[in-house]
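Secondary and tertiary structure notes
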Amino acid sequence: MSDPEFEIRGVVLNQEETGENFTRLTLFCINGLRRCLLRKVRKLSAISPPDLFDETEISLQVSNKQGLPFVKEHQVLQKRMSLAFDRVRFDAAGFLARFYIENGEHLLETVQFYRILQNALTSLMDHGHPPTVLVKTLFLFAREEGLPVKESWFSGLSSQSAEVAHAILRLPVKESISLNEQASVLLESLSHWLRSETELIC
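In this text the structure is predicted, and so the values were computed from the model without any measurement.

Secondary structure assignment for the chain yields six helices and five strands. Sequence-ordered secondary structure for the chain, helices as α and strands as β, is β-β-β-β-β-α-α-α-α-α-α. Computed over the C-alpha atoms, the radius of gyration of the chain is 18 Å, within 12% of the 17 Å expected from 2.2 N^0.38 for a compact globule of 202 residues. Its C-alpha atoms give the chain principal-axis dimensions of roughly 60 × 35 × 30 Å. Burial analysis of the chain (202 residues in total) assigns 43% to the buried set.

Structure representation (structure tokens):
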């Protein structure tokens, strides 16, 4: 169970039906993006499968044949079910999941990207303003990836927008409530910069 090749801990980003017997799970963990197959169990006494955004520990069974490993055992360490009760927060978490799936395949130093994702989901669960959470997350992701987000995007903002962005990036999410309206504008600006000036899919 201790071998990192056969045990992973990560956030469930996607669940996809692959026929009658299996669900393909996509997770982001300290070792990056991982995919595996979870056998569907129809017994009422069976352990419930992990839901989207759950923090999950999985023991994998690697087949001798080429293909995805199978889930041997799994345990949900932290449920994030409350995200499903608020459409805006759920959509923000879904945006992050797609962003990590699209851009998480070849990341270096994946431990830090994992922490960025965990912190973002925690902020959303704590009723953080979704655009504010996304601005901070995308900025940190781009910076960690080595992109000139501060030198190019931030420096290109107007003095007023730069002042707001600096406050949003510096303050905890709950302490920047007064800047919520401006956060949506900054999110659109940052997303546009990422799409036009980098290879990240946003």
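Next comes the rest of the description.
The next point concerns the packing of helix α5 (residues 159-170) against helix α6 (residues 180-197). Direction vectors running N to C along α5 and α6 enclose 100°, while the axes themselves pass 10 Å from each other. Judged by the angle between their axes, α5 and α6 are roughly perpendicular. Each of Ser161, Val164, Ala165 and Ile168 in α5 lies in contact with α6, whose residues at this interface are Gln182, Ala183 and Leu186. Classifying every residue of the contact of α5 with α6 gives five nonpolar, two polar and no charged.

Moving on, we get to the pattern of salt bridges. Summed over the entire model, instances satisfying the criterion amount to 10 salt bridges. Where Asp54 meets Lys79, a salt bridge forms, and the shortest distance between an N and an O atom there is 2.8 Å. In this pair, Asp54 is assigned in the loop between β3 (32-39) and β4 (55-61) and Lys79 in the loop between β5 (70-78) and α1 (87-103), connecting sequence segments 25 residues apart. For Asp54, a relative accessible area of 1% translates into the label buried. In this structure Lys79 comes out as partly exposed when scored by relative accessible area, which is 38%. The network of salt bridges with common partners includes Arg9, Glu55 and Arg80.

Moving on to the environment of Leu52. Position of Leu52 relative to the elements: it lies in the loop between β3 and β4. Spatially, the C-alpha atom of Leu52 lies 16 Å from that of Arg39, the residues being 13 residues apart in sequence. Excluding residues within four positions of it along the chain, Leu52 makes contact with Val12, Leu13, Asn14, Gln15 and Phe90.

In this structure, Leu13, Phe28, Tyr100, Leu117, Trp153, Leu186 and Leu190 are the most contacted members of the largest nonpolar core, which totals 46 residues. Among the elements of the structure, β1 (7-17), α1, α2 (110-125), α3 (130-144), α4 (149-153), α5 and α6 are those that each provide at least two residues to this core. With residues up to four places along the chain from it excluded, the contact list for Phe28 reads Gly10, Val11, Leu13, Leu33, Tyr100, Gly104, Leu107, Thr110, Phe113, Tyr114 and Leu117. If you look at the next biggest cluster of nonpolar residues, it comprises 10 residues, including Leu25, Leu38, Ile58 and Val71.

What follows is about α6. Under the 1.5 Å per step criterion, the end-to-end length of α6 is 26 Å for 18 residues, consistent within 8% with the ideal 26 Å. If you check which residues of α6 are buried, you get Asn180, Ala183, Leu186, Leu187, Leu190, Ser191, Trp193 and Leu194. The buried residues of α6 occupy one face: seen down the axis, they fall within an arc of 160°. For α6, the exposed residues lying more than 90 degrees away from the buried face are Glu181 and Val185.

Bringing the packing of α3 against α6 into the picture now. It is the contact of α3 with α6, at a shortest axis distance of 8 Å, that shows an interaxial angle of 35°. Judged by the sense of rotation from one axis to the other, the crossing of α3 with α6 is left-handed. Across the interface between the two elements, Pro131, Thr132, Leu134, Val135, Leu138, Phe139 and Ala142 from α3 touch Asn180, Ala183, Ser184, Leu186, Leu187, Leu190, Ser191 and Leu194 from α6. Of the residues contributing to the contact of α3 with α6, the split by class is 11 nonpolar, four polar and no charged.

Procedures and definitions
Each chain has its residues counted from 1, running along the sequence as written. Under the rules for a predicted model, residues below a pLDDT of 70 receive no local features and side-chain atom pairs below 80 are neither given nor counted, while totals for whole chains, interfaces and linings still include all residues. To get the side-chain values, take all heavy atoms of the structure and skip hydrogens and water. Secondary structure elements are defined from DSSP: runs of H or I of at least 4 residues count as helices, runs of E of at least 2 residues count as strands, and each element is numbered from the N terminus. Radius of gyration: C-alpha atoms only; globule rule: 2.2 Å multiplied by the number of residues to the exponent 0.38. Accessibility here uses a 1.4 Å probe with only protein chains present; expressed as a share of the type maximum, an area under 20% marks a residue as buried, one over 50% as exposed, and anything in between as partly exposed. All axes here are fitted lines through C-alpha atoms, helices being fitted over the stretch that makes contact, and every angle between N-to-C directions spans 0 to 180 degrees. Should an angle fall under 35 degrees it is called roughly parallel, over 145 degrees roughly antiparallel, and 65 to 115 degrees roughly perpendicular, with every other angle called oblique. Contacts are assigned to residue pairs with any non-hydrogen atoms lying within 4.5 Å of each other. In the scheme used here, Gly and all other residues not listed as nonpolar or charged are polar, with Ala, Val, Leu, Ile, Met, Phe, Trp, Tyr, Cys and Pro taken as nonpolar and Asp, Glu, Lys and Arg as charged. Whenever Lys or Arg places a side-chain nitrogen within 4 Å of a carboxyl oxygen from Asp or Glu, that contact is recorded as a salt bridge. For this analysis, a nonpolar core means a set of buried residues of the types Ala, Val, Leu, Ile, Met, Phe, Trp, Tyr and Cys, connected via side-chain atoms within 4.5 Å. Working rule for helices: expected span equals 1.5 Å times residues minus one. The arc in question is traced by the directions running from the helix axis to the C-beta atoms. Crossings are classed by handedness, with left-handed meaning an anticlockwise turn of the near helix from the far one by less than a right angle and right-handed meaning a clockwise turn.

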